[in-house]
Amino acid sequence: MENHHYLSLDAYSTDSQCCPSSSASTSTSALPSPISELTEFDLVSSSRRLQEEGSSRASPDTSVDGDSEDVHLPLPLSPIILGGGVFGAQYNPQEYLSSGIPAQVIELAFENGINAIDTSPFYGVSEQVIGKALASPRLSSKFPRHSYHLITKCGRYGANKRSFDYSPERIRASVQESLRRLNTTYLDAVYLHDVEFVAEEVGNSNAAGYPLNALQDDNLASYGLHDDEAGKIHGEGDRIILRAYETLMQLKREGIIRKAGMAAYPLPTLLRLSRLIKNQLGPVDIVQSYSCYNLQNSCLASFVPLLRQAGVQQIFNASPLNMGLLSAQGPQEWHLAPPSLREACAEANSYLSKERGTTLQSVALGFGLNSTREMGCNTVVGCTMVEHVHELLERWNTLYASDSEEEAACEGAEREEALKMQSENEESVKAILGKTGLLNWSWQSPPPFEEAERS
């Protein structure tokens, strides 16, 4: 595990700061085990557990073609959503993308009860790779379209502000392009990608700092979060957001998409826009937050109740490893974490490896997956290889999967011990990171510089 990014982040979590990760060097010379060699535990126990979790969190899906869905019901999603960013060139080389490995990853995830994939046009060829895999005879025969959910984004097509286009015409065209790439007649959800790049910034909503400050009574007005301003349009950027979201709502009415939403990093902006859209157009179906519920920054926990008060139906928590910061190999050079935080994360990983027999990314993943239990969120995680799916399932099943009464009697003590060890490891990491003064700190987004476009 020392040489591979076993739980690759969903590329959404990289957003404007994305560069190729260490997973881009993954060789296809050593292919993962064939699907037929998977264990009975993987294909039966994990699948049943995740499917039960998904069915208990939402009403059964009655839609096949996207037209008959009750718009008032949430999507019946599994607790874990497969991140599609790793199926793009930003994360992996062409040799990988043209191989059969992405299809194997998707198949194994689906076999084990994961029933949704999150992607974006911004992720390069990700939609094409996913669409090709799902249309293959093997997967299409095993997984009919109504058995899984396809979630994508629109509005962002490159690394900097010049690459955004939220016009109604472009959104409609983008959705049609995604339908073709994904080989589907409808999309389960589409949301506006990285709304902070387009919307008005109110106060210091997008600045580096401590998002929880925005929730203090004395600061609500300066962040546009006072109840009296819930429906206030602060400028042309907000009008663009409203027109774009209204276009998604129209696509819902036409049966082309089932749910509309938005994605962002700065939590004050995500909350303000959720309240704005609710007051102007109606509640937002889905919001996706990234790098805001992890061992370094868990501020999303304080915003979730407010997002739900704003009528948001479902909340996605992406990037439990905080864009690679909470991993054994550490973040890429482009990561906006200051040196002191990078060093503290390296120290935490070293401590866990030497003293606790585990790794920082394993503990961080366990913490991030708990957003399902603690807040009712769905966690978005990308897996490059089949073995990464196995590791993801191991963390979920060990710590959080629901058990039958018989299993609970046998496994209760083991679960209790695993949770105890997880809690102790989390506290150790937070103690080390806390010395930097950067717990619950966020970087600036949009970043304070213009990035070069990526091919």
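Residues numbered from 1 in each chain as written. Predicted model: local features only at pLDDT ≥ 70, side-chain atom pairs only at ≥ 80, totals over all residues. Heavy atoms only, no water.

### As for the pairing of strand β3 (residues 149-154)
Stated precisely, the cut-off is as follows: Throughout this description, buried means an accessible area under 20% of the type-specific maximum (1.4 Å probe, protein chains only), exposed means over 50%, and partly exposed covers the range between. Comment: elements are numbered from the N terminus, with helices defined as DSSP H or I runs of at least four residues and strands as E runs of at least two. One requirement defines pairing of two strands: DSSP has to find at least two bridges between them.
Burial analysis of β3 places six of its six residues in the buried class, the great majority of the element. Residues of β3 alternate between two faces, with His-149, Ile-151 and Lys-153 on one and Leu-150, Thr-152 and Cys-154 on the opposite face, all of them buried. As paired elements, strand β2 (residues 116-118) and β3 share three bridges and run parallel to each other. Across the sheet, Asp-118 pairs through a bridge with Ile-151, a residue of β3. Bridge count between β3 and strand β4 (residues 189-192): four bridges; the pairing is parallel. Following the sheet pairing, Ile-151 is matched in β4 by Ala-189.

### Some words on the nonpolar core
Taken as a class, soluble globular proteins show a tendency for nonpolar side chains to be buried jointly. Test applied: Here the nonpolar core consists of buried residues drawn from Ala, Val, Leu, Ile, Met, Phe, Trp, Tyr and Cys, with membership extended through side-chain atoms lying within 4.5 Å.
Leu-82, Phe-87, Ile-106, Leu-192, Leu-248, Ile-257 and Met-262 are the most contacted members of the largest nonpolar core, which has 122 residues in total. Broken down by element, this core gets its largest block of residues, seven residues, from helix α3 (residues 101-111).

### What about the pattern of salt bridges?
Which entries qualify depends on this criterion: Salt bridge, as applied in this entry: a Lys or Arg side-chain nitrogen positioned within 4 Å of an Asp or Glu carboxyl oxygen.
Within this structure, the stated rule accounts for 21 salt bridges. The closest approach of N and O atoms between Arg-156 and Asp-194, which form a salt bridge, is 2.4 Å. With a gap of 38 residues between them, Arg-156 in the loop between β3 and α6 (168-182) and Asp-194 in the loop between β4 and α7 (236-253) connect regions that are remote in the sequence. The exposure class of Arg-156 is buried, given its relative accessible area of 0%. A salt bridge links Arg-275 to Asp-227; the nearest nitrogen and oxygen atoms lie 2.6 Å apart. Highlighted residues: Arg-275 in helix α8 (residues 267-280) and Asp-227 in the loop between β4 and α7, separated in sequence by 48 residues. Among the residues examined, Arg-275 registers a relative accessible area of 14% and is labelled buried.

### As for the environment of Asp-238
The following threshold applies: When checking whether two residues touch, look at their non-hydrogen atoms; a contact exists if any pair is within 4.5 Å.
Relative to the helices and strands, Asp-238 is located in helix α7. Take Asp-238: its relative accessible area is 0%, and that puts it in the buried class. With residues near it in sequence (within four places) discarded, Asp-238 still touches Ala-199, Glu-200, Lys-232, Ile-233, Arg-272, Leu-273 and Leu-276.

### Things to note about the environment of Asn-204
Residue placement: Asn-204 occurs in the loop between β4 and α7. Asn-204 sits in the exposed class, given a relative accessible area of 53%. As for Asn-204 and Ala-214, which are separated by 10 residues in sequence, their C-alpha atoms are 8.8 Å apart.

### Details of α8
For the record, the criterion: How far a helix is expected to stretch is found by multiplying one less than its residue total by 1.5 Å.
Given a rise of 1.5 Å per residue, 14 residues ought to cover 20 Å, and the 20 Å separating the end C-alpha atoms of α8 matches this to within 8%. Here α8 has its buried residues at Leu-267, Pro-268, Thr-269, Leu-270, Leu-271, Arg-272, Leu-273, Ser-274, Arg-275, Leu-276 and Ile-277. Considering only its buried residues, α8 is in contact with α7, β5 (260-264), β6 (286-290) and α9 (300-309). One or two steps after α8, the chain reaches Gly-282, where phi turns positive at roughly 130°.

### A look at the confidence of the model for the protein
Short version of the rule: Values of pLDDT, which run from 0 to 100, indicate the predictor's confidence residue by residue.
Mean pLDDT for the protein: 86, with 81% of residues reaching 70 or above. Every residue in residues 1-45 scores below 50 in pLDDT, and together they form 138 contacts with partners more than four places removed in sequence or on other chains. Taken together, the stretch residues 56-69 has pLDDT below 50 and engages in 34 contacts with residues farther than four places along the chain or on a different chain.

### Here we look at unusual backbone geometry
The omega angle of the peptide bond from Ser-445 to Pro-446 is 5°, so this bond is cis rather than trans. Looking at the secondary structure, you find Pro-446 in the segment after α14 (405-434). Phi is positive for Ser-291, which is not a glycine, with a value near 60°. Secondary-structure assignment places Ser-291 in the loop between β6 and α9.

### Topic: the sheet that holds strand β8 (residues 378-381)
Just so we agree on the cut-off: All axes are obtained by fitting lines to C-alpha atoms, using only the stretch in contact for helices, and the reported angles, taken between N-to-C directions, cover 0 to 180 degrees.
Spatial strand order, β1-β2-β3-β4-β5-β6-β7-β8: eight strands in a closed barrel with parallel pairing. Mean inter-strand twist for the sheet, computed between neighbouring axes without regard to direction, equals 30°.

### Regarding the packing of aromatic side chains
For the record, the criterion: The rule is short: rings of Phe, Tyr and Trp, with Trp giving its six-membered ring, pair when the centres are within 6.5 Å, and they are stacked under 30 degrees, edge-to-face over 60, tilted in between. Over a ring means this: the NZ of a Lys or the CZ of an Arg is within 6 Å of the ring centre and within 35 degrees of the ring normal.
Taken as a whole and assessed by the stated rule, the structure comprises 10 aromatic pairs. For the pair Phe-164 and Tyr-166, a centre-to-centre distance of 6.3 Å together with 45° between the ring planes defines the contact as tilted. With respect to class, Phe-164 is no different from Tyr-166; both count as buried. Three or more aromatic residues joined by ring pairs form one cluster here, namely Phe-110, Phe-143 and Tyr-148. Here Arg-145 stacks its cationic end above the ring of Tyr-186, 4.2 Å away from the centre of that ring. When the ring centre of Phe-122 is taken as origin, the NZ or CZ atom of Arg-156, which lies over that ring, is 4.5 Å away.

### Overview of helix α13 (residues 386-399)
Since one α-helical turn is 3.6 residues long, residues separated by three or four positions face the same way. Along its 14 residues, α13 runs 21 Å from first to last C-alpha, staying within 8% of the 20 Å computed at 1.5 Å per residue. Of all 14 residues in α13, 10 are buried, a share of seventy percent or more. Along α13, the residues classified as buried are Val-386, His-388, Val-389, Glu-391, Leu-392, Leu-393, Arg-395, Trp-396, Asn-397 and Leu-399.

### Regarding the side chain of Asp-285
Looking at the secondary structure, you find Asp-285 in the loop between α8 and β6. With residues up to four places along the chain from it excluded, the contact list for Asp-285 reads Tyr-245, Lys-252, Lys-259, Ala-260, Val-312, Gln-313 and Gln-314.

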